[in-house]
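The primary structure of each chain is shown beneath.
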Amino acid sequence: MGGDPKGRAPLRGSRGRRLLVEHTMLAYAARRILATIPVVLLVALFVFSLLYLAPGDPAAIIAGDQATPADVERIRASLGLDRPFLVRFGDWFFNVIQGDLGTSIFTNLPVSHMIAQRIGPTLSLMTFTLILSLSTAIPMGVVAAWKHGSWIDRAVMMTAVFGFSTPVFVIGYLLAYIFALRLDWLPVQGFTPIDQGLWPFIRNLILPAVALGLIYMALIARITRAAMLDVLSQDYVRTAKAKGLGQGGILFIHALKNAAVPIATIVGIGFAALIGGAVVTESVFAIPGLGRLTVDAILRRDYPVIQGVVLLFSFVYVLVNLAVDLLYTVFDPRIRY
Amino acid sequence: MFRREFLKTTGAAAMAAGTLAAPRLSLAADSKVLRFVPQANLANLDPIWTTQYVVRNGSLLIWDTLFGVNDQLQPQPQMVESYESTPDFKVWTFKLRPGLKFHDGEPVLSKDVVASMTRWMARDSTMGVPIKKRLDALEVVDDRTFRVKLNQSYPRMPFALGKSSTPCLFIMPERIAATDPFKQITEYVGSGPMRFKRDEWVPGAKAIFEKFDGYVPRPEKANWLSGGKRISFDRIEWQIIPDAATAAGALQAGEVDWVETPSNDLIPVLKQNSKIAVDIADPLGNIGSFRINHLHPPFNDVRVRRAVQMALSQEDYMGAVVGSDETLWKTLPGFFTPDTPLYTEAGGAPLTGKRDYAGAKKLLAEAGYKDEPIILLVATDVAITKAQGDVTADLLKRIGMNVQYQALDWGTVGQRRASKEPPDKGGWHIFHTWHAGADCVNPAPYTAIDSSGPTAWFGWPKSDAVQEKIAAWYSAPDLAAEKAIIADLNKAAMEHVVYIPTGWFKGYQAWRTNLSGITKAPFPLFWDVTKA
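Since the model is a prediction, treat every value here as computed from it, not as a measurement. (Residues numbered from 1 in each chain as written. Chains lettered and ligands numbered in written order. Predicted model: local features only at pLDDT ≥ 70, side-chain atom pairs only at ≥ 80, totals over all residues. Heavy atoms only, no water.)

Novice: What is the right way to read the overall build of chain B from this model?
Specialist: On a plain count of helices and strands, chain B comes out with 15 helices and 21 strands. Its C-alpha atoms give chain B principal-axis dimensions of roughly 90 × 70 × 40 Å. Burial analysis of chain B (532 residues in total) assigns 58% to the buried set. For chain B, the proportion of contacts with a sequence separation of at least 24, taken over those separated by at least 6, is 72%. (Helix = DSSP H or I, 4+ residues; strand = E, 2+ residues; numbered from the N terminus. Buried < 20%, exposed > 50% of the residue type's maximum accessible area, 1.4 Å probe, protein only. Contact = heavy atoms within 4.5 Å.)

Novice: Just checking my understanding: could you explain the packing of helix H11 (residues 260-284) of chain A against helix H13 (residues 303-331) of chain A for this structure?
Specialist: The axes of two packed helices give the description: the angle between them and the distance between them. All names here are of chain A. Direction vectors running N to C along H11 and H13 enclose 170°, while the axes themselves pass 9 Å from each other. Compared by their axis directions, H11 and H13 come out roughly antiparallel. From H11, Ala 260, Val 261, Ala 264, Thr 265, Gly 268, Ile 269, Phe 271, Ala 272 and Ile 275 reach across to H13, where they touch Phe 313, Val 316, Tyr 317, Val 320, Val 324, Tyr 328 and Phe 331. Split by residue class, the contact of H11 with H13 holds 14 nonpolar, two polar and no charged. (Axes fitted to C-alpha atoms, helices over the stretch in contact; angles between N-to-C directions. Parallel < 35°, antiparallel > 145°, perpendicular 65-115°, else oblique. Nonpolar A, V, L, I, M, F, W, Y, C, P; charged D, E, K, R; others polar.)

Novice: Could you clarify how one ought to interpret the pattern of salt bridges in this entry?
Specialist: Between side chains of opposite charge, pairing is possible as soon as their charged atoms come close. Counted by the stated rule, this structure contains 32 salt bridges over all chains. A salt bridge links Arg 238 of chain A to Asp 235 of chain A; its shortest N-O distance comes to 3.2 Å. Separated by three residues within a single helix, Arg 238 of chain A and Asp 235 of chain A lie in helix H9 (residues 235-242), roughly one turn from each other. Accessibility assignment for this pair places Arg 238 of chain A and Asp 235 of chain A in one class, exposed. Residue Lys 330 of chain B is joined to Asp 339 of chain B by a salt bridge in which the shortest nitrogen-to-oxygen separation is 3.9 Å. The class of Asp 339 of chain B is exposed, set by a relative accessible area of 62%. Three or more residues joined by partner-sharing salt bridges are found here, namely Lys 197, Asp 199, Glu 200, Glu 210, Arg 235 and Glu 237 of chain B. (Salt bridge = Lys/Arg side-chain N within 4 Å of Asp/Glu carboxyl O.)

Novice: Explanation requested: a nonpolar patch on the surface in the structure shown.
Specialist: Residues and elements named next belong to chain A. Taken together, the side chains of Leu 34, Ile 37, Leu 41, Phe 94 and Ile 97 make up a nonpolar region of the molecular surface, amounting to roughly 500 Å² of accessible area. At the level of elements, helix H1 (14-53) and helix H4 (85-97) are the ones that each hand at least two residues to the nonpolar patch. Ranked by residue count, the leading element in the nonpolar patch is H1, at three residues. Leu 34 sits in the exposed class, given a relative accessible area of 58%. (Patch = residues over 30% accessible without salt bridge, like charges linked within 9 Å, V, L, I, M, F, W, Y side chains within 5 Å. Areas by Shrake-Rupley, 256 points an atom, 1.4 Å probe, with all protein chains shown as cover.)

Novice: Looking at this model, I keep getting lost on the sheet that holds strand S16 (residues 402-408) of chain B. Mind explaining?
Specialist: Pairing between the strands of a sheet comes from backbone hydrogen bonds, and it takes one of two forms, parallel or antiparallel. All names here are of chain B. The six strands are arranged S14-S18-S13-S17-S15-S16 in an open sheet whose pairing can be described as mixed. Each end of this open sheet is capped by a strand with a single partner; those strands are strand S14 (329-330) and S16. Pairing between strand S15 (residues 373-379) and strand S17 (residues 430-436): two bridges, direction parallel. Pairing of Leu 377 across the sheet is with Phe 431, part of S17. Running at roughly 50° to strand S18 (residues 500-505), helix H10 (residues 314-322) makes contact with strand S13 (286-292), S14, S17 and S18 of the sheet. (Pairing = 2+ DSSP bridges.)

Novice: What exactly am I supposed to notice about the confidence of the model for chain B here?
Specialist: Atom-level detail of predicted coordinates should not be read off regions where pLDDT is low. Looking at chain B, the pLDDT average stands at 92 and 95% of residues meet or exceed 70. Predicted complex, confidence summary: ipTM 0.82, pTM 0.85. (pLDDT = per-residue confidence, 0-100.)

Novice: I'm lost on the sheet that holds strand S9 (residues 206-211) of chain B in this one. Help?
Specialist: All names here are of chain B. A sheet is described by the order of its strands in space; here seven strands give the open sequence S8-S9-S10-S1-S11-S19-S12, paired in mixed fashion. The open sheet has two edge strands, strand S8 (194-196) and strand S12 (276-280), and neither has a second partner. Relative to strand S19 (residues 508-512), S12 is paired through five bridges, and the arrangement is antiparallel. Its bridge partner being in S19, Val 278 is matched across the sheet by Ala 510. Those strands touched by helix H2 (residues 53-62) are S8, S9 and strand S10 (235-239), and its axis lies near 170° from that of S10. Contacts from helix H7 (residues 244-252) reach strand S1 (33-37), strand S11 (258-259), S12 and S19, with the element oriented near 30° to S19.

Novice: It is not clear to me how the interface of chain A and chain B should be interpreted in this structure. Could you clarify?
Specialist: Many descriptions give the size of an interface as the accessible area lost when the pieces come together. Contact with chain A, which involves 51 residues of that partner, is made by 57 residues of chain B. Approximately 4,300 Å² of surface area, both sides summed, lies buried where chain A meets chain B, with 51% of it carried by carbon and sulfur atoms. On the surface where chain A and chain B come into contact, there are one salt bridge. At the junction of chain A with chain B, the criterion picks out 14 residue pairs in polar contact (both at pLDDT 80 or more). Looking at the side of chain A that touches chain B, the elements with two or more residues in it are helix H2 (58-63), helix H3 (69-78), helix H5 (111-146), helix H7 (168-182), helix H8 (198-232), H11 and helix H12 (290-300) of chain A. Per-class residue counts for the side of chain A that touches chain B are 27 nonpolar, 14 polar and ten charged. (Buried area = accessible area lost by both parts, 1.4 Å probe. Polar contact = N/O pair within 3.5 Å; in protein donor to acceptor, adjacent residues only side chain to side chain.)

Novice: What am I meant to see in the packing of H7 of chain A against H8 of chain A here?
Specialist: Residue and element names in this part refer to chain A. Interaxial distance between H7 and H8 falls to 9 Å at its minimum, and their mutual angle equals 150°. Here H8 runs roughly antiparallel to H7, going by the angle between their axes. The two elements H7 and H8 meet at a crossing, and its hand is right-handed. Contacts between H7 and H8 involve Val 168, Ile 171, Gly 172, Leu 175, Ala 176, Phe 179 and Ala 180 on the former and, on the latter, Leu 207, Val 210, Ala 211, Leu 212 and Leu 214. Of the residues that constitute the contact of H7 with H8, the class distribution is eleven nonpolar, one polar and no charged. (Left-handed = near helix turned anticlockwise from the far one by under 90°.)

Novice: Quick question: what am I supposed to make of unusual backbone geometry here?
Specialist: Excluding glycine, residues mostly have negative phi values, and the peptide bonds linking residues are mostly trans. Cis geometry marks the peptide bond from Thr 166 of chain B to Pro 167 of chain B, where omega comes out at -5°. With respect to the helices and strands, the residue Pro 167 of chain B is situated in the loop between helix H5 (157-162) and helix H6 (174-177). For the bond from Pro 297 of chain B to Pro 298 of chain B, the omega torsion is 0°, close enough to zero to count as cis. Note on placement: Pro 298 of chain B falls in the loop between S13 and helix H9 (302-311). In this structure, Ala 286 of chain A is a non-glycine residue whose phi angle is positive, near 50°. If you trace the backbone, Ala 286 of chain A turns up in the loop between H11 and H12.

Novice: Quick question: what am I supposed to make of the domain arrangement of chain B here?
Specialist: Residue and element names in this part refer to chain B. Partitioning chain B into structural domains gives domain 1 (62-176) and domain 2 (290-505). The centre of domain 1, based on its C-alpha atoms, is set 33 Å off from the matching centre of domain 2. Both faces combined, the contact of domain 1 with domain 2 buries some 930 Å², and carbon together with sulfur accounts for 62% of it. When the area that domain 1 buries against domain 2 is broken down by residue, the three leading residues are Leu 73, Thr 126 and Arg 156, summing to 51%. At the boundary of domain 1 with domain 2, the tally comes to one salt bridge. For Glu 482, the salt bridge is made with Arg 156, and the minimal N-O distance between the two is 3.8 Å. Residues that form the side of domain 1 that touches domain 2 fall into these classes: five nonpolar, four polar and one charged. (Domains from an automatic or database assignment.)

Novice: Which parts of the structure should I look at to understand the side chain of Ser 124 of chain A?
Specialist: With respect to the element layout, Ser 124 of chain A can be found in helix H5. What Ser 124 of chain A contacts, discounting residues up to four positions off in sequence, is Phe 191, Phe 201 and Leu 205 of chain A.

So this is what it looks like as structure tokens:
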């Protein structure tokens, strides 16, 4: 996460200061991106080792239930699964550093192609969920803090507890039952790419995004409330009130900006929960995304696909954290890297 | 002013959304598009490389077969126009129908059949390998004629070439069929009624089949895998929906037309919907299997196997697997599929009547069982195996066995069951599965009854009596002789406890009532299905 804020000696002129800030920010970002490489490589080694040690045999699954043991053995050999760990890892690693994630054992398609096929639905779902969660949870947290101790506060907190404690799949089934089967407002399942129409695209995402976003919403609403409670007790807020500033201006312009750092932190941390939740949500709503690809690959022991997807997720997660760190400087100009 | 701006903005947004919204094919009520939810994900399409049923089912659309079985399980000529054999069934000559074409426009020739048969014989242990062992020559006579010369009689050649159990003999172009049988093919070009749209394939999500205009159906009416395979759809979309509740919901909402294997739990809900029809999917059903490792103590002693057999209640198993709907299952004191010509209950007494726990305990004591741990592998991610495993754990405890229930996923069970190591060194004693009824109609496709020891299916049972009966069946001259042999075989397999059938059960399929022509069969049949 973010490094310690470092004070910098002021330069002459605002332009000079801005240039220096931009330069150090870029250098920091470049360093962090370079630092992702060993992290991703370590993740790669860890995942490869874990899969090697894990029980299960893709050859047995390919051969099917009626296959003879001899057939299973021959398939295992043809897939190269009988080779020693280091040979397999070396081959895979050499290909990965050349940008080749390998070929799926089952589909015979390049892993990069399979990821490309699936990344659109997952990105759409996560973006939609993010927009929905942030646009709902932050106002909820702000209002709860403003009306601290009132029934509104309690209602928001109860909603948050509900969001935390209800599994994604339960929410998913409930939403599908009410809004798709009973009311017939939205589809039960599936995904429509945006190039087939904006409304069909959104229609398919509403229920999964609500189901996936509820826990995220609860998390952000609680943190927003806590951060706002702290900020609202500060002297400058009292001063703003005394100067006659409107409630909306105080809450959303002055106070919220100062409460934004912990909120940004929790948005970043919550991203991992979002990735995990997407796996379940995509299964419940039959969205052909990376989550379902991962589950299918794990169940079938499709090692190259599992490794490819985990590498991608770890890389994205590192980038999200970098983005959060950089956002700190936007919300709090005192923070420097 | 604000209100007016708001209305203008939202109105414009709504119009923009309406303009952007293009018609979506899969939502359109298009009678030329069939949306089907298969039993599992179609992860690849090489029906020789893998024996998964879902791959076989998709392959039936893409590739055609030389023969096809009808609903009496009798092989009928399909790509073959005519055939003959010598009286001793050693030399078989086949002639292909004229006008057969692959999806790339090339004609289907004898050389393609020879290459396809060669690949199939390397992988099909039930009938392909036995033919290969008897093979003197497999030769092209001319573009439409090929010949099989054997050194032993093989009367069941048409059945072998048209059997529905996996792997089936699908005819591929020679260049594709030349692929190593243990490696996956890279092209999906067949001569069946539909072509595969590889460019639209998203494994795990959808598979699209498009009508092949060059297909020449036989003149007869379709009957299972035989006859004229006339498809009324331009496009068949397989939508992979792994969650049973979501698939049922999609069917109720009209988002899909046909679900191959809806969950039994959801059948009452589907039956209440007037726009959905529910019926038995496969009339041949499935046989539940209690598979025993014959290599290691205590189950290498037939008395221990018999002890379990005399205590095992098929009612308990079927109740756990299928539920309270008793129209879906029945007890099975035999190894062969009920309601088929060779079905027999000869020797099935150990599985009928009151269950004898005291007798089982006594037999275990006689066999010297001394509380050794019994390793039970249970694939908990597959509902049928999980249900059987739970009943078995209870059964073994009741008869005083020290059961170790190992909860695994199917991928791990698939690996562990191949181990011949002692159970305390990574091996196993028991696992559960089930066998498609279509594979248990006679000994040829029935790998689970093979009792050849080291080369038998997992569990490696060895019984000369069983093997003698299987060999005799291959040479049986007529149905009466077959029946007599199968009765003896059933008895021998029951005495040896090759495995223990846990009952016979069926499943449902469900479809929107605007579909007609759906047939009960062990595989989804798309020919003659129409959509209003």
